[in-house]
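Inside the fold
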Amino acid sequence: MRRYVLRLTAVGYLVLVLLAPLAMVFWRAFSHGGGEVWSTLSDPNTVHAFQLTVEIAAIAVPLNTFFGIVCGLLIVRRRFPGAGFVNALVDLPLAISPVVVGLSLFLLYGRTGWFGNWFTNHGIQILFAFPSMVIATVFISLPFVCREVVPTLREIGDEQEQAASTLGANGWQTFKRITLPSIRWAVIYGVVLTTARCIGEYGAVAVVSGHIEGKTETATLRVEDAYQNFQQAGAYGISIVLAVMSVIVLVAMTLLKPKEEAR
Amino acid sequence: MLVVLPIAALVWASRADGVGSFWSVASSPESVAALKLSLGLAVLVSVVNAVFGTVIAWVLVRDEFWGKSFVNAVIDLPFALPTIVAGLTLLALYGPTSPVGIDISLTRTGIFVALLFVTLPFVVRTVQPVLLELDREAEEAARSLGAGELRVFRSIILPGILPGILSGVALAFARAVGEIGAVVLIAGNQPFRTEVASVFVFLHIQGGDQAGAAAVAVVMLLISFALLLAIGGLRYLATRYERA
């Protein structure tokens, strides 16, 4: 009996908070026919918004993958003063509000900011333009690869790596032949999480982008814009595309997880 | 470099006009109201998450039923779904044109539900692995010695999973304080009533009031640091038991 109560509580809570609202979006978007959804989705500004989202992710994800692996190796394999500090820093973007991140970048690259002047004098626009949006996204999605790689690196130990170097392998060979294959799944899982975060980022990008339609508007910003302008079906339409993207990510996460655990 | 510099710039900007002015901006009635609302909601969200997150994790580990792996996958949905879409989803069901007749848009309840949505996975995902590894023999021993279910839970299971619950709660709390995407559409952002700290910062940047935005942002930053310390401490505690 108690089992059923618990089971019902858990599933009921999930349905109420998670699944029912999600199902509603689909229903809402198509309840007046697909026409308005299609006209919003084929709007050049919407198409541009999706392109921008993909472009930003295409830069941020590889960067953070590289950084995450390097950082993981540093934290686990090297003993240096301040390792604990680096470890804590990597977690920082998880704890800080995206808006605070946005404001920090705003103040750093703005007209009165530390770097703002230099860039303005050299004719490079950072704020309200592509570069600042990339920087904000990189900042926000920084921890994921590193967080996945660190425990795996700890678990596998460094015996094989040492064996490889006694057999004459140099650092790069050891990394390519021994380390990388054994942390492969952790890296892939981290990349999936990073991608999801990059696509979905709203707060930080909203602050630094300036929201210029057709120029610095990503897909998530477009959703807000459409909703505030009373194009609700359109907003739901863009949301569905984003939701489908995240379901794909979710499926990837589910498929990758057991492999990682079984290894 | 990437992480530290912007934050240094933020702190620098907030004190550029002197500590006194920072304090007067940070303690203005509107910013205090926003911070209070954020913190209060975060506390409530943490409590609900601690209870329901543990229940969900329990059901996923100890129960067997049809569709369990689906439920398990669905838990991660709030991590994968863009937060602005999460906000919109809630509006679709619990908004002004709600098909079930519940309209919580433009209310604090709305913000609360939105925060519950985005923070759902944290406690589940931190308790689940601990619960999986928990030694069931101790529970059975306690039961055979005549302990009731409640007693078993309180003195055997809870001490084992408590670090997991707490670190999940800390993550959820941090997320609830900082969340903007899910909240911005549903809240209505009325000062003193439905304006949370993150939205306050956002609106004040757009309104050109950088000093006000920076002041509240620094307070939020301090909360984040405190939480990070707490999480670090918990992690240390958890591994200390392992080492012993």
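Residues numbered from 1 in each chain as written. Chains lettered and ligands numbered in written order. Predicted model: local features only at pLDDT ≥ 70, side-chain atom pairs only at ≥ 80, totals over all residues.

Re the overall build of chain B
Scanning chain B from N- to C-terminus turns up 12 helices and zero strands. Starting at the N terminus, the α and β elements of chain B follow one another as α-α-α-α-α-α-α-α-α-α-α-α. Dimensions of chain B, computed from C-alpha atoms along their principal axes, come out at roughly 65 × 50 × 30 Å. Expressed as a percentage of the 244 residues in chain B, the buried residues total 49%. Long-range pairs, those at least 24 residues apart, make up 77% of the contacts in chain B with a sequence separation of at least 6. (Helix = DSSP H or I, 4+ residues; strand = E, 2+ residues; numbered from the N terminus. Buried ≥ 20, exposed ≤ 12 C-beta atoms within 10 Å, placed from the backbone. Contact = placed C-beta atoms within 7 Å.)

Notes on the overall build of chain A
Counting its secondary structure elements, chain A contains 13 helices and zero strands. Element order for chain A, N to C, with α for helix and β for strand: α-α-α-α-α-α-α-α-α-α-α-α-α. In terms of its C-alpha atoms, chain A occupies a principal-axis envelope of roughly 70 × 70 × 30 Å. Looking at the 263 residues of chain A, the share that counts as buried comes to 45%. Considering only residue pairs separated by 6 or more positions, chain A has 76% of its internal contacts joining residues 24 or more positions apart.

Section: the packing of helix α3 (residues 44-77) of chain A against helix α4 (residues 83-95) of chain A
Residues and elements named next belong to chain A. Put simply, α3 and α4 touch, their axes get as near as 9 Å, and they point 145° apart. Handedness of the crossing formed by α3 with α4: left-handed. Between α3 and α4, the contacting residues are C71, L74 and I75 on the first element and A83, V86, N87 and V90 on the second. Residues that form the contact of α3 with α4 fall into these classes: six nonpolar, one polar and no charged. (Axes fitted to C-alpha atoms, helices over the stretch in contact; angles between N-to-C directions. Left-handed = near helix turned anticlockwise from the far one by under 90°. Nonpolar A, V, L, I, M, F, W, Y, C, P; charged D, E, K, R; others polar.)

Let's talk about the interface of chain B and chain A
If you look at the interface, chain B gives 56 residues, while chain A gives 58 residues. For the side of chain B that touches chain A, the leading source of residues is helix α12 (residues 210-243) of chain B, giving nine residues.

Remarks on unusual backbone geometry
Note on backbone geometry: most residues besides glycine have negative phi, and most peptide bonds are trans. Unlike most non-glycine residues, L106 of chain B shows phi in positive territory, near 65°. Secondary-structure assignment places L106 of chain B in the loop between α6 (83-94) and α7 (108-133).

Considerations on the domain arrangement of chain A
Residues and elements named next belong to chain A. Looking at the assigned domains, one finds that chain A contains domain 1 (1-31) and domain 2 (34-262). Listed by partner, the interface residues are five residues for domain 1 and eight residues for domain 2. Taken together, the residues of the side of domain 1 that touches domain 2 sort by class into four nonpolar, no polar and one charged. (Domains from an automatic or database assignment.)

Thoughts on the environment of I223 of chain B
All names here are of chain B. Along the chain, I223 turns up in helix α12. Judged by C-beta crowding, with 22 C-beta atoms within 10 Å, I223 ranks as buried. As a C-alpha pair, I223 and L39 span 184 residues in sequence and 9.5 Å in three-dimensional space.

Here we look at helix α5 (residues 98-109) of chain A
All names here are of chain A. Between its terminal C-alpha atoms α5 stretches 16 Å, which fits the 16 Å expected from 12 residues at 1.5 Å a residue. Across the 12 residues that make up α5, a large majority, 12, are buried. Turning to α5, its buried residues are P98, V99, V100, V101, G102, L103, S104, L105, F106, L107, L108 and Y109. (Expected span 1.5 Å × (residues − 1).)

Considering the environment of P99 of chain B
All names here are of chain B. Looking at where P99 falls in the secondary structure, it is placed in the loop between α6 and α7. The class for P99 is partly exposed, based on 13 C-beta atoms found within 10 Å. A C-alpha to C-alpha distance of 30 Å links P99 and S69, two positions 30 residues apart in sequence.

Some details on α6 of chain B
Residues and elements named next belong to chain B. Taking 1.5 Å per residue, 12 residues should reach 16 Å; α6 reaches 16 Å between its end C-alpha atoms and fits that length. Buried residues dominate α6, accounting for 12 of its 12 residues. When we look at burial in α6, the residues that qualify are T83, I84, V85, A86, G87, L88, T89, L90, L91, A92, L93 and Y94.

Describing the environment of A136 of chain A
Residues and elements named next belong to chain A. On the secondary structure map, A136 appears in helix α7 (residues 130-140). Sequence spacing of A136 and S97 is 39 residues, and the spatial spacing of their C-alpha atoms is 12 Å. Ignoring sequence-local partners within four residues, the contact set of A136 consists of V101, G102, L105, A204, V205 and V208.

Overview of the confidence of the model for chain B
The pLDDT averaged across chain B works out to 84; a share of 92% of its residues lies at or above 70. The complex model carries a pTM of 0.86, and its ipTM stands at 0.84. (pLDDT = per-residue confidence, 0-100.)

Focus on the packing of helix α12 (residues 219-228) of chain A against α6 of chain B
One can describe the packing of α12 of chain A onto α6 of chain B by two numbers: an axis separation of 8 Å at closest approach and a directional angle of 30°. Relative to α6 of chain B, the element α12 of chain A lies roughly parallel. Across the interface between the two elements, T220, V223, E224 and Y227 of chain A from α12 of chain A touch I84, V85 and L88 of chain B from α6 of chain B. Grouping the constituent residues of the contact of α12 of chain A with α6 of chain B by class yields five nonpolar, one polar and one charged. (Parallel < 35°, antiparallel > 145°, perpendicular 65-115°, else oblique.)

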